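Residues per chain are reported as follows:
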Amino acid sequence: MTETHPSPIGAGTGRRPTASPEHAYPEQVSPRQDDPVQTVDLPSPGISVEQVTAVQDRLAAWLSDFAGLHEHTEQLAATRSLDAVLRTVLDAGAALLGARRGMLVLDASHGDAVGLGLDRSCRGALETVPRDTGPYAGLLAHEGRPAQLLHTDLARDPGLDPRYRAVAAQLGIGASCALPLATADDGPIGAAVWFYDEPAEPSDRQQHLARLYCAFAAPVVARELELERLRRSCDALRHGLLPDRLPRVPGVRLAARFVPAGLDRSAGSDWYDALALPEGALALTVGSVCGGGTGAATAMGRLRAALRAYAVLEGEDPVAVLGDLELLLKSTEPARSATALYAYVEPAERRISLAGAGQCPPLLVTERGAGFVETSLSAPLGMLGCWEAPGVELHAEPGDVLVLYTEGLARRCGAGGLDAGQARLRAAAAGAPRDARQDPDRLCAHLLATCPDRPFGEAAEAVDDLVLLAVRFG
C-alpha cells in the first residue's frame, strides 16, 4: 500500500506500472506552490538532435495530458444535478487512471454511495468494510488526511484489512486507487476509489492528473450538495403547505397527486385543497402562484389558507370566493399573479358549482367518455384592475369523476403546447379502464402513467409543478 500525504501535485492510470522516462515529470518542470512560473531547462548549444527530440516529445505529452484534463473539467463544470456530477467524476477519474470500475462515497452527513460498473449488491458488499480500514481509509478524516490511497496488489498486501481483502477477492478486484474530495471551507465531503481487475499501479503522471481533477471536482460536488439540501428543504416546505390528508365526505371519494418541479427552475408554486364544509358540502380548489423560489411557495401557502377561510364564509358562491382571493393577493402580493379554480360540491345532489381564474378547465369522466367542463375564459388573479367571471353549474351522475388539475400536468402530457397536452389528457381519461374509473386514486395513477412523455421527478425536465385532484361520486 502506498499512502501519499497532501502535496501540490500527484496523479495516475490503472495499468501495471507504466511510468517511463519520456513521460515522467522531471523536477524542474513540476508545478511548485512557491513558484507560480513554470520553467523548462532547455538544451544548451551543442546538444544532440536526439535529446532535443526527447524534450519536444515530453512537452507534447504534457500538453496532451493537460488538454485531456481540461476536457474533463469543462464537462464537469457544465454538468447539473448531484447524481450527474458524481457519475461524471467517476467516469473522468476512471479515464484518467485507466480503471474500469469505481465508487464514490460521500461523507455520512451527505448521502449514499454511487458506483461505476458496480451494481447495488457489489456496492453493498464494499460498504460492509469499515470506513477507517477500507479502500478509502483516512480520506474522510478532517486531520492527517492523505492525498491519495493506493493498493497495488490487494491479495498480497499484508497490512490490509482482512474484510476488504475478502470482499475484493469476491468481486474480482486486484488493485485500487482512492482520492479525497475536500475543500478548505467544507473539509472532507467524500472520497472516490477506482478499482482494477488485476494488480496494477497507475503511473506518476496518471496519479498527478487524477489528483488535479479531484481538486477541481471537490468544490463542484460541494456546490451540488448544497443545492440538493436546499431543494429537499424547499420540497419539504411545499409539501408541508399542502393538506396532509383528504377529508372523508359521504357520497364522494377523493384522491390527489402533487409532483413538484425543482424550485430553482419552477415557473410557479401549485396547490390543491379539499375542505369539508357544513351541511355535508365539499370545497375543492387547485391553483398556482406565478414565479419561482421560496417567495412563490410561501405566497401559495398564504393564499391557500385564506381560500379555506373564504370557503367557510361564502363557499357556495365560487365567484365571490375567487373575488375575495384576488383582493387579498393585490393587498399582500401586489407584484404577483395567480391562477385558481374553486368548486363547491354538494355530494347528496351531485351538484357542482365552480369558477376559474386563468386555470385549465376540469375534466368530467363518465361511462361515455371524458369532456372538459367549459369555464368562461378569464384572466389570472391580479392581472387586471378587477377580476370578474361568471360561475358554472353542472350535475354529475353516480360513478362520474371530476378531475381538477393545473397547467403543469397538461404541459407534461406531450409536445405541442397546452392545447395538445389537454387533448392528450382528455384522451387518456376517456380511455381509462373500468377499474380506474371506479377508483379516483387509480385514475390519478393512470393519468400520470399515460400522459407524460418523460419520467416524472426529473428536475432537469420539469419546469412546472403538477397537481391532480379527483373526486368520484357514489
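See the structure printed just above.
Residues numbered from 1 in each chain as written. Predicted model: local features only at pLDDT ≥ 70, side-chain atom pairs only at ≥ 80, totals over all residues. Heavy atoms only, no water.

1. What about the sheet that holds strand β9 (residues 282–290)?
Thinking step 1. Read from one edge to the other, the open sheet built from 5 strands follows the order β8-β9-β10-β11-β14, with strand pairing classed as antiparallel. Across the chains shown, the open sheet's two edge strands, defined by having one partner strand only, are β8 (268–276) and β14 (392–395). The sheet shows a mean angle of 15° between the axes of neighbouring strands, taken without regard to direction.
Thinking step 2. As paired elements, strand β10 (residues 338–346) and strand β11 (residues 351–357) share 7 bridges and run antiparallel to each other. (Pairing = 2+ DSSP bridges. Helix = DSSP H or I, 4+ residues; strand = E, 2+ residues; numbered from the N terminus. Axes fitted to C-alpha atoms, helices over the stretch in contact; angles between N-to-C directions.)

2. A short note on helix α11 (residues 440–450)
Thinking step 1. By the burial criterion, the buried members of α11 are P440, L443, C444, H446, L447 and L448.
Thinking step 2. The backbone nitrogen of D441 has a side-chain oxygen 2.9 Å away, supplied by the residue at the start of α11, namely D439. (Buried < 20%, exposed > 50% of the residue type's maximum accessible area, 1.4 Å probe, protein only. Polar contact = N/O pair within 3.5 Å; in protein donor to acceptor, adjacent residues only side chain to side chain.)

3. Observations concerning helix α3 (residues 120–127)
Thinking step 1. Listing the buried residues of α3 in full gives C122, R123, A125 and L126. Summarising the axial view, the buried residues of α3 lie within an arc of 160°, below the 170-degree limit, and thus occupy one face. For α3, the exposed residues set more than 90 degrees away from the buried face come down to R120 and S121.
Thinking step 2. Residues of α3 that are buried make contact with β2 (101–106), β3 (114–116), α4 (162–171) and β6 (187–196). (Arc of directions from axis to C-beta. Contact = heavy atoms within 4.5 Å.)

4. Thoughts on the sheet that holds strand β15 (residues 401–405)
Thinking step 1. Across the sheet, 5 strands lie side by side as β7-β16-β15-β12-β13; this open sheet has antiparallel pairing. The outermost strands of the open sheet, each flanked by one partner alone, are β7 (252–259) and β13 (369–372). Here the strands of the sheet are splayed against their neighbours by 15° on average, with no regard to which way each runs.
Thinking step 2. Of the strand pairs in this sheet, strand β12 (residues 363–366) and β15 are connected by 3 bridges, and their pairing is antiparallel. Bridge pairing links L363 to V403 in β15.
Thinking step 3. Packing against the sheet, helix α9 (residues 417–430) makes contact with β12, β13 and β15, and its axis sits at approximately 150° to β13.

5. Some points on the nonpolar core
Thinking step 1. Counting 54 residues, the largest nonpolar core has L284, L325, Y342 and I352 as the members making the most contacts within it.
Thinking step 2. Counting residues per element, this core draws most heavily on helix α6 (residues 293–314), at 8 residues.
Thinking step 3. Those residues in contact with L325 that lie beyond four places of it in its chain are L303, A306, L307, Y310, A340 and L381.
Thinking step 4. Counting residues in hydrophobic clusters, the runner-up holds 36 residues, among them A99, L116, L150 and A222. (Core = buried A, V, L, I, M, F, W, Y, C linked by side-chain atoms within 4.5 Å.)

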